[in-house]
Amino acid sequence: MKGVTTIYAILELGGKQYRVSPGDTIDVEKIDLPVGETVEVRPLCLVRDDGTLAVGPDLEGAVAKGRILENGRGPKIRIFKYKPKANYRRRQGHRQAFTRLAIEAIQG
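Residues numbered from 1 in each chain as written. Predicted model: local features only at pLDDT ≥ 70, side-chain atom pairs only at ≥ 80, totals over all residues. Heavy atoms only, no water.

**A closer look at the side chain of Thr 99**
The condition is simple: Strands here mean DSSP runs of E at least two residues long; helices mean DSSP runs of H or I at least four residues long; both are numbered from the N terminus. Burial status follows relative accessibility: with a 1.4 Å probe on protein chains alone, a residue under 20% of its type maximum counts as buried, one over 50% as exposed, and anything between as partly exposed. A contact between two residues is defined here by any heavy atoms of the two lying within 4.5 Å.
Following the sequence through the fold, Thr 99 ends up in strand S10 (residues 97-107). Under the relative-accessibility criterion, Thr 99 is labelled buried at 0%. Thr 99 has contacts with Ile 26, Asp 27, Val 28, Glu 29, Lys 30, Ile 31, Ile 68, Glu 70 and Asn 71, leaving out every residue within four places of it along the chain.

**Description of the sheet that holds strand S6 (residues 52-55)**
Definition in use: Paired strands, as defined in this entry, are two strands with at least two bridges between them according to DSSP. Lines fitted to C-alpha atoms define the axes here, with helix axes fitted over just the stretch in contact, and angles between the N-to-C directions of these axes take values from 0 to 180 degrees.
With antiparallel pairing, 4 strands are arranged side by side in an open sheet as S2-S1-S5-S6. Two strands close off the open sheet at either side, each with one partner strand: strand S2 (16-20) and S6. Averaged over neighbouring strand pairs, the angle between their axes works out to 10 degrees when direction is ignored. Where strand S1 (residues 7-13) meets strand S5 (residues 44-49), 5 bridges bridge the pair, whose relative direction is antiparallel. Across the sheet, Ala 9 pairs through a bridge with Val 47, a residue of S5.

See below:
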């Protein structure tokens, strides 16, 4: 489509990579900041803006700006270890902490 600006970036947070555009909402590893705080994510791995692609050293000043919407914990995952004929049973639970992030702008 002509006239439609398509900008997206690939950013890395918490050892994971996310493809984001302005207006997206993503869940990332927990960031220790209060709700409503603005976060600047850098360095970015890749930025695409209207057909131009920037990777690596071309992204020196690139930044993705987002706002923290929520700090929470994910669903409970149950871990159960069992060994037959050895009377060995271990039950454990885990809830991963996350931060919900709304991407507001990508500058680069």
